Amino acid sequence: MTTFTHKQLDIPVTLPEGLTETEISTFKPFNNWLTTLTNSLKLQSTNPNHPFHADPYTLHSITIQAVDRFAKNRLGFVKLAATLANAAGEKLPSAVFLRGPSVAMLVLLVPDDAPPESDERYAVLTVQPRAAAGSLAMVELPAGMVDDGSFSGAAAKEIQEELGIEIPESELTCLSDLAKPADSGEEALPLAMFPSPGACDEHITIFMHEKRVARHQLKEWSGKLTGLRDEGEKITLKLVPMRDLWREASRDAKALCAVALWEGLRREGKL
């Protein structure tokens, strides 16, 4: 293992064998996490009402424990342990799995012969293997990681790859942005859903698009095999009535978040 001193924060960062200072220093999820965390730590001192104002916590060190790499040896996932402690020696739990931001898409299909006043619409779900959950048939909202480019562009790309539906980026509605709290607080957190903030930096921005389609297409899409086979994706599409989405995908945090946002924004007349 090797250790270098972070230039901006003046703290030691320990790396495992095979990971370089340049790689971790240019890894977006690492830099984004560090920027957000240091901003939140500063608020302890600047805000006299902060719960930790009297005895603020400080970031003392970071140890990178393990990494996973994607194609072409690109850095993918990073597991680290940080030391966050105050003057009294109290420490905060600081084991972190860095994987970066993701997007999820609520795609609603309305039969073209449904009358305008009808509430008939169908949500498109994916059924696919999820080894981390021990499942070979996890039902969930379509989603994907954000690498480079915009969040809406990533959402449009995933819709094309997983659903086979081409939707212009400009026609997507960001439910996460519309649901911005009246008081967003001082912490510079993204407007997104954090599925597991106790251990993971991942935050998921929820988009939606509603599209009228021929009724016969609904049957054609249900059960369709999609996904990028050369990347190991084996996806089957499943269409469910929107009113049943909360039950059909009740194991999926993305889907439950989308339902809550969609219903809340409709009540407020924002959709």
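Conventions we followed
- Residues numbered from 1 in each chain as written.
- Predicted model: local features only at pLDDT ≥ 70, side-chain atom pairs only at ≥ 80, totals over all residues.
- Heavy atoms only, no water.
- Helix = DSSP H or I, 4+ residues; strand = E, 2+ residues; numbered from the N terminus.
- Expected span 1.5 Å × (residues − 1).
- Buried < 20%, exposed > 50% of the residue type's maximum accessible area, 1.4 Å probe, protein only.
- Contact = heavy atoms within 4.5 Å.
- Salt bridge = Lys/Arg side-chain N within 4 Å of Asp/Glu carboxyl O.
- Domains from an automatic or database assignment.
- Buried area = accessible area lost by both parts, 1.4 Å probe.
- Polar contact = N/O pair within 3.5 Å; in protein donor to acceptor, adjacent residues only side chain to side chain.
- Nonpolar A, V, L, I, M, F, W, Y, C, P; charged D, E, K, R; others polar.
- Pairing = 2+ DSSP bridges.
- Axes fitted to C-alpha atoms, helices over the stretch in contact; angles between N-to-C directions.

### So, helix 7 (residues 253–267)
Because each turn of an α-helix spans 3.6 residues, side chains separated by three or four positions end up pointing in the same direction. For helix 7, spanning 15 residues, the distance from its first C-alpha to its last is 21 Å, which sits close to the expected 21 Å at 1.5 Å a residue. Within the sequence span of helix 7, burial applies to Lys254, Ala255, Cys257, Ala258, Val259, Leu261, Trp262, Gly264 and Leu265. Looking at the buried side of helix 7, the elements it contacts are strand 6 (102–111), strand 8 (135–140), strand 9 (143–145), helix 4 (175–178), strand 11 (204–213) and helix 6 (245–248). Gly269 occupies a position one or two residues after helix 7 and carries a positive phi of about 75°.

### With respect to the pattern of salt bridges
Enumeration over the complete set of coordinates arrives at 12 salt bridges. Between Asp119 and Arg121 there is a salt bridge, and its shortest N-O distance comes to 2.6 Å. Across the salt bridge formed by Lys270 and Glu268, the nearest N and O atoms sit 3.3 Å from each other. On the basis of relative accessibility, which here comes to 43%, the residue Lys270 falls in the partly exposed class. One salt-bridge network, in which partners are shared between bridges, spans Asp119, Arg121, Glu210 and Arg266.

### Points about helix 2 (residues 28–46)
Taking 1.5 Å per residue as the helical rise, helix 2 with its 19 residues ought to reach 27 Å, and the 27 Å between its terminal C-alpha atoms agrees with that figure. When helix 2 is considered as a whole, its buried residues turn out to be Pro29, Phe30, Trp33, Leu34, Leu37, Thr38, Ser40, Leu41, Leu43 and Gln44. Elements that come into contact with the buried residues of helix 2 comprise helix 1 (21–25), strand 3 (58–69), strand 4 (75–85) and strand 5 (95–98).

### Focus on the domain arrangement of the protein
Along its sequence, the protein is carved into domain 1 (2–98) and domain 2 (101–194 + 204–268). Summed over both partners, the interface of domain 1 with domain 2 buries about 670 Å², with 52% contributed by carbon and sulfur atoms. Taken together, the links from domain 1 to domain 2 amount to 1 residue pair in polar contact (both at pLDDT 80 or more). Per-element tally for the side of domain 1 that touches domain 2: the top contributor is helix 2, with 5 residues. Here the side of domain 1 that touches domain 2 is composed, by residue class, of 3 nonpolar, 4 polar and 2 charged.

### Considering the environment of Pro241
Summarising the element assignment, Pro241 is placed in strand 13 (residues 235–241). Among all residues touching Pro241, those that are not within four sequence positions of it are Arg121 and Tyr122.

### Considering unusual backbone geometry
In this model, Asp10 sits at a positive phi of 55°, which is unusual for a non-glycine residue. Checked against the element boundaries, Asp10 lands in the loop between strand 1 (2–5) and strand 2 (12–15). Under the relative-accessibility criterion, Asp10 is labelled exposed at 61%. Of note in the backbone geometry, Asn73 takes a positive phi value of approximately 65° without being a glycine. By the element assignment, Asn73 lies in the loop between strand 3 and strand 4.

### Observations regarding the side chain of Arg121
Along the chain, the position of Arg121 falls in the loop between strand 6 and strand 7 (122–130). Separated by 2.6 Å, the side chains of Arg121 and Asp119 make a polar contact. Those residues in contact with Arg121 that sit more than four places away from it in its chain are Leu108, Leu109, Val110, Glu210, Val240, Pro241, Met242, Trp262 and Arg266.

### Things to note about the sheet that holds strand 3
Pairing is mixed across the open sheet formed by 5 strands, whose spatial order is 1-2-3-4-5. Each of the sheet's edge strands pairs with one partner strand only, and the pair in question is strand 1 and strand 5. On average, adjacent strands in this sheet sit at an angle of 25° to one another, irrespective of strand direction. As paired strands, strand 4 and strand 5 are joined by 4 bridges and run antiparallel to one another. Looking at strand 5, one finds that Leu80 is bridged to Val96. Running at roughly 160° to strand 3, helix 2 makes contact with strand 3, strand 4 and strand 5 of the sheet.

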